[in-house]
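Take a look at the letters that make up each chain.
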There are 2 protein chains.
Amino acid sequence: MKRNITIKDVAHHSGFGIGTVSRAINSSEGVSQATREKILKSIETLGYKPDHIAQSMRSQKYKNVAFFADISNPVFAQIAKGAQLELEQLGYTLSLCNVGDKDVGDKILSFLEVRKFDGVILSTPREDDWKINKALSEIELPIVTINRDVPVLPPGITTDYYSSVKKAINYLLRLGHRGIVLIGGDKGIRPTREGIRAYHDAFSENNLIIDEELIKSGVFTSESGKEIFLDLCPYIKNKKITAILSLNNQMFYGILQGMKEKNLNYPEDVSLITFEDSELLQLLSPPVTVIRRPIQEMGTKIAKVLMKYIQEPELYGKLDPDTIPTEFIIRDSCKAI
Amino acid sequence: MKRNITIKDVAHHSGFGIGTVSRAINSSEGVSQATREKILKSIETLGYKPDHIAQSMRSQKYKNVAFFADISNPVFAQIAKGAQLELEQLGYTLSLCNVGDKDVGDKILSFLEVRKFDGVILSTPREDDWKINKALSEIELPIVTINRDVPVLPPGITTDYYSSVKKAINYLLRLGHRGIVLIGGDKGIRPTREGIRAYHDAFSENNLIIDEELIKSGVFTSESGKEIFLDLCPYIKNKKITAILSLNNQMFYGILQGMKEKNLNYPEDVSLITFEDSELLQLLSPPVTVIRRPIQEMGTKIAKVLMKYIQEPELYGKLDPDTIPTEFIIRDSCKAI
DNA sequence: ATGAAAGCGCTAACAA
DNA sequence: TTGTTAGCGCTTTCAT
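Parameters at a glance
Residues numbered from 1 in each chain as written. Chains lettered and ligands numbered in written order. Predicted model: local features only at pLDDT ≥ 70, side-chain atom pairs only at ≥ 80, totals over all residues. Heavy atoms only, no water. Near = heavy atom within 4 Å. Polar contact = N/O pair within 3.5 Å; in protein donor to acceptor, adjacent residues only side chain to side chain. Helix = DSSP H or I, 4+ residues; strand = E, 2+ residues; numbered from the N terminus. Nonpolar A, V, L, I, M, F, W, Y, C, P; charged D, E, K, R; others polar. Contact = heavy atoms within 4.5 Å. Buried area = accessible area lost by both parts, 1.4 Å probe. Salt bridge = Lys/Arg side-chain N within 4 Å of Asp/Glu carboxyl O. UniProt positions renumbered as here; feature names shortened; annotations may be inferred. Buried < 20%, exposed > 50% of the residue type's maximum accessible area, 1.4 Å probe, protein only. Axes fitted to C-alpha atoms, helices over the stretch in contact; angles between N-to-C directions. Parallel < 35°, antiparallel > 145°, perpendicular 65-115°, else oblique. Left-handed = near helix turned anticlockwise from the far one by under 90°. Core = buried A, V, L, I, M, F, W, Y, C linked by side-chain atoms within 4.5 Å. Arc of directions from axis to C-beta. Pairing = 2+ DSSP bridges. Phe/Tyr/Trp six-rings, centres within 6.5 Å; stacked < 30°, edge-to-face > 60°. Domains from an automatic or database assignment. 1 Å grid on protein atoms, 1.4 Å probe; cavity = no way out; pocket = protein on both sides within 12 Å on 5 of 7 lines; lining within 4 Å. Points joined across faces, edges and corners; volume = space filled by probe spheres on them.

(A) Local environment of the protein's contact with DNA strand C. The environment of DNA strand C is formed by 26 residues, the closest being I7 and Y48 of chain A together with G17, T35 and R58 of chain B. For DNA strand C, the backbone portion of the atoms within 4 Å of the protein, that is sugar and phosphate, comes to 54%. Interatomic distance of 2.7 Å between a side-chain N/O atom of S22 of chain A and a phosphate oxygen of DNA strand C. Between DNA strand C and R58 of chain B, the relevant distance is 2.5 Å, taken from a base nitrogen to a side-chain nitrogen or oxygen of the residue. Put simply, the parts of the chain that give the surface near DNA strand C at least two residues each are helix 2 (18-25) and helix 4 (52-59) of chain A together with helix 2 (18-25) and helix 4 (52-59) of chain B. Taken together, the residues of the surface near DNA strand C sort by class into nine nonpolar, twelve polar and five charged.

Below you can see the structure in the form of structure tokens.
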């Protein structure tokens, strides 16, 4: 096994001490321009690469970020990609961790316990789970959340669900719909809460009374979406319900599955809008009216904010919350009544 | 900053030397059962967690695996998830790296240069690019490839494209199709090569002459798929071409886009089959006939093999190649002629 | 079976 | 500005 080139070799080759070489590497001050250049040249000719592990051990900086989310959801995969691309610029690495849906707090802690990170990117399944939150509050690292308002954490990066859901509801209202179902996830997470808030506001601003029964919450899976949809079918058939707005991409798949199963069509039998654009939704016939957001950019933004926290820890929790804008794109999945 | 519990504390608390403690932690031999238990108890009561960085520094083992692929493709995202879940079992971490499409070799090398890994999971964009392969051959780590036959690397995990593509072509042949287009990616990568081989074999086993012009290759993007499709349109209209088999999910999106744009329908105007199942393909009407493979399990398998190489380096390159089976699922996107 | 001690490659404190 | 040195927490010889 061929020995690696170490800082000692560079010191020897350049004729300076290892301290000076270290300073040159880390572009710390206290090195004359001339020396720095000579050392850099030595590094170049020797092909020296600092041992990242040894650096970490001494400096307690790891250039490593943990990503907690279910990457099999293309949305999180895109966010991960965006974040990785950004972190890479600064020499940081993104490490994946899939915490399922149970014992989330424990899993996160035990993941972090045996590994070293400088920061965390996180999408927690619930905001008000005290067990999870207790775990989160024990983490002594900057954490940037994805679309979650976790009481024990500073605000992270969020999507502007409110404006576009409101636009969408208003659009349906204008088309004459009144029996509008809102399908979201757990009511204790931001996307659902913001969606519901927008739903309420849209109705009341139009002086309409809300039927709370029309607000459905499940979990972010197609199975859950399908189940909710099937329960809705009788009301769709008797025209009590004429439109559905889904707040989640995966649930929307389930809705479409349910429609197919029940031989229902949109927009004839029910009008449809969903959150999160995709090639699928454009390819379906008719193409689906959606709320879109720039997902990969979200990842970039998340990484940027986290890096700021890592580099200036005193800023943690003091930065203004950042919200990603959304876009309401009308296609052909809604009809006027 | 509260000091961490170190191996010294455990040594002190248990009354043994740090060497013995270390041996107990690593379950190396040379520790009596009684001592081991006492030490384990001390570790428990103190809540000691070995410093993974210090361990790495001494042992040159990092419990870290690099994943090179474009995770914005849901297929790779799923593979990454499967691999992560498996690696996690053994305390290993999966770190992401997105190498785009140019300077791939350099990017991989520079990523690996400044970080420490025990192994690599890789999907290279080409198999015969000497620059990439030169880079790959310089990597002194076990590498498991995803569906690639890279000359300078041992075989990794592959999918059985051959059998199912053959089944698919035979199916189309039986339906009376002769103008069957095969759309794949770069001819220098395994999936395309295997697809073409199956295509050839299916035709010749049926004593049919192949029109090489019907084998189209592009890149794995929807844009490329669409472009190829649009070129095909005249022949579809004059019935020279009656069926298309796409070897890639992303390209298939492009084909569907093209169809939509040209107001063509399947299976009326052209029969369609694609590789890689998804909810989309089942929701489209009519649902699309596909070749399916268990993607997440692929990730698991990849991780397992890599772990074997990491734990027993002498096995590297000596294990039998592993091939993931595929399934041909007939739905309603092909009609008889 | 166990302890002592060297040293992995680096940073940071201290000296010069 | 530069060199020297301690020591980060651990594994691994080498003694005992």
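(B) Quick peek at the interface of chain A and chain B. Opposite the 45 residues of chain A that make contact, chain B presents 45 residues. Of the roughly 4100 Å² buried between chain A and chain B, counting both surfaces, carbon and sulfur atoms make up 59%. On inspection of chain A and its partner chain B, the count reaches eight salt bridges. Note that D51 of chain B and K116 of chain A form a salt bridge whose closest N and O atoms lie 3.9 Å from each other. Along the contact surface separating chain A from chain B lie 29 residue pairs in polar contact (both at pLDDT 80 or more). Elements represented by at least two residues in the side of chain A that touches chain B include exactly helix 4, helix 5 (74-89), strand 2 (93-97), helix 6 (104-113), helix 11 (249-261) and helix 12 (279-283) of chain A. When residues of the side of chain A that touches chain B are assigned to their parent elements, the largest contribution, seven residues, is made by helix 5 of chain A. For the side of chain A that touches chain B, the class distribution of residues is 20 nonpolar, 13 polar and twelve charged.

(C) Here's a closer look at the UniProt feature "domain: HTH lacI-type" (unreviewed entry) in chain A. Residues given the UniProt feature "domain: HTH lacI-type" (unreviewed entry) here are residues 5-59 of chain A. Split by type, residues 5-59 of chain A is 69% helix and 0% strand. Its first and last C-alpha atoms lie 20 Å apart.

(D) Broad picture of the protein's contact with DNA strand D. With respect to spatial proximity, 27 residues lie near DNA strand D, and among them G17, T35 and R58 of chain A together with I7 and Y48 of chain B are the closest. Within 4 Å of the protein, the contacting atoms of DNA strand D are drawn from sugar and phosphate to the extent of 52%. In this structure, R58 of chain A approaches DNA strand D through a side-chain N or O atom, which is 2.5 Å from a base nitrogen. R58 of chain B has a polar side-chain atom sitting 2.9 Å from a base oxygen of DNA strand D. Residue assignment for the surface near DNA strand D shows that the elements contributing at least two residues are helix 2 and helix 4 of chain A together with helix 2 and helix 4 of chain B. Tallied by class, the residues present in the surface near DNA strand D amount to ten nonpolar, twelve polar and five charged.

(E) Region of the structure containing the environment of E138 of chain A. All names here are of chain A. Tracing the backbone shows E138 in helix 7 (residues 130-138). For E138, a relative accessible area of 43% translates into the label partly exposed. Sequence separation between E138 and V152 is 14 residues, and the spatial gap between their C-alpha atoms is 9.7 Å. Looking at E138, its side chain comes within polar contact range of the side chain of K134, at 2.9 Å.

(F) View of the packing of helix 1 (residues 7-14) of chain A against helix 3 (residues 33-46) of chain A. All names here are of chain A. The geometry of helix 1 relative to helix 3 is characterised by a closest axis approach of 9 Å and an angle of 120° between their N-to-C directions. Taken together, the axes of helix 1 and helix 3 are oblique relative to one another. Considering only the axes of helix 1 and helix 3, their crossing is right-handed. Across the interface between the two elements, D9, V10, H13 and S14 from helix 1 touch I39, S42, I43, T45 and L46 from helix 3.

(G) Representation of the nonpolar core in the model. Ranked by internal contacts, the top residues of the largest apolar core, which has 106 residues, are I169, Y199 and I244 of chain A together with I169, Y199 and I244 of chain B. Filtering out sequence-adjacent residues up to four positions away, I244 of chain A remains in contact with V181, I183, F229, L232, I236, I255, V270, S271, L272 and I273 of chain A. A303 and I324 of chain A together with I157 and V305 of chain B belong to the second-largest nonpolar core, a separate cluster that totals 56 residues.

(H) Inspection of helix 2 of chain A at higher detail. Residues and elements named next belong to chain A. Taken as a whole, helix 2 has its buried residues at T20, V21 and A24. The buried residues of helix 2 occupy an angular sector of 100° when projected down its axis, which confines them to one face. Where helix 2 is buried, its residues meet helix 1 and helix 3. Looking at the residues trailing helix 2, positive phi occurs at S27, about 40°.

(I) Just the sheet that holds strand 1 (residues 64-68) of chain A, in detail. Strand order in the open sheet made by the eight strands is 4(A)-3(A)-1(A)-2(A)-2(B)-1(B)-3(B)-4(B), with mixed pairing throughout. Both outer strands of the open sheet, strand 4 (143-145) of chain A together with strand 4 (143-145) of chain B, are each paired with one neighbouring strand and no more. Here the strands of the sheet are splayed against their neighbours by 25° on average, with no regard to which way each runs. The sheet contact formed by strand 3 (residues 119-122) of chain A and strand 4 of chain A spans three bridges and is parallel. Residue pairing in the sheet places I121 of chain A in a bridge with V144 of chain A of strand 4 of chain A. Across the face of the sheet, helix 6 of chain A comes into contact with strand 1, strand 2 and strand 3 of chain A together with strand 2 (93-97) of chain B while running at roughly 160° to strand 1 of chain A. Sitting on the sheet, helix 13 (residues 295-311) of chain A is in contact with strand 1, strand 3 and strand 4 of chain A, with an inclination near 150° to strand 3 of chain A.

(J) Quick peek at the packing of aromatic side chains. All names here are of chain A. On inspection of all chains with the given rule, the structure shows twelve aromatic pairs over all chains. Centroid distance F111 to F117: 5.9 Å. Interplanar angle 10°. Geometry classified as stacked. Taken individually, F111 and F117 each receive the classification buried, so the pair is uniform in this respect. Seen in terms of ring centroids, Y171 and F328 are 5.4 Å apart; in terms of plane orientation they differ by 70°. Their pairing is edge-to-face. One end of the pair, Y171, is in helix 8 (residues 161-174); the other, F328, is in strand 12 (residues 327-329), and 157 residues separate them in sequence.

(K) Local environment of the sheet that holds strand 12 of chain A. Residues and elements named next belong to chain A. On the basis of which strands lie adjacent, the open sheet formed by six strands has the order 7-6-8-9-10-12 and mixed pairing. On the outer flanks of this sheet lie strand 7 (215-217) and strand 12, each paired with one strand and no other. For this sheet, the mean inter-axis angle between neighbouring strands, taken without regard to orientation, is 15°. Taken together, the four bridges between strand 6 (residues 180-184) and strand 8 (residues 243-246) define a ladder with parallel strand orientation. Each bridged residue has a counterpart across the sheet, and for V181 the counterpart in strand 8 is I244. The sheet contacts of helix 11 involve strand 6, strand 8 and strand 9 (271-275), and relative to strand 9 the element is tilted by about 155°.

(L) Expanded view of the domain arrangement of chain A. Taken as a whole, chain A is organised into domain 1 (7-50), domain 2 (64-158 + 296-324) and domain 3 (161-292). The distance between the C-alpha centroids of domain 1 of chain A and domain 3 of chain A comes to 62 Å.

(M) Molecular detail of empty space enclosed by the protein. For the coordinates displayed, the defined rule picks out three cavities of 30 Å³ or more. Computed from the structure, the largest cavity encloses a volume of approximately 220 Å³. Forming the walls of the largest cavity are 21 residues, and the residues nearest its centre are H52, I53 and N64 of chain A together with H52 and N64 of chain B. Only helix 4 and strand 2 of chain A together with helix 4 and strand 2 of chain B provide two or more residues apiece to the lining of the largest cavity.

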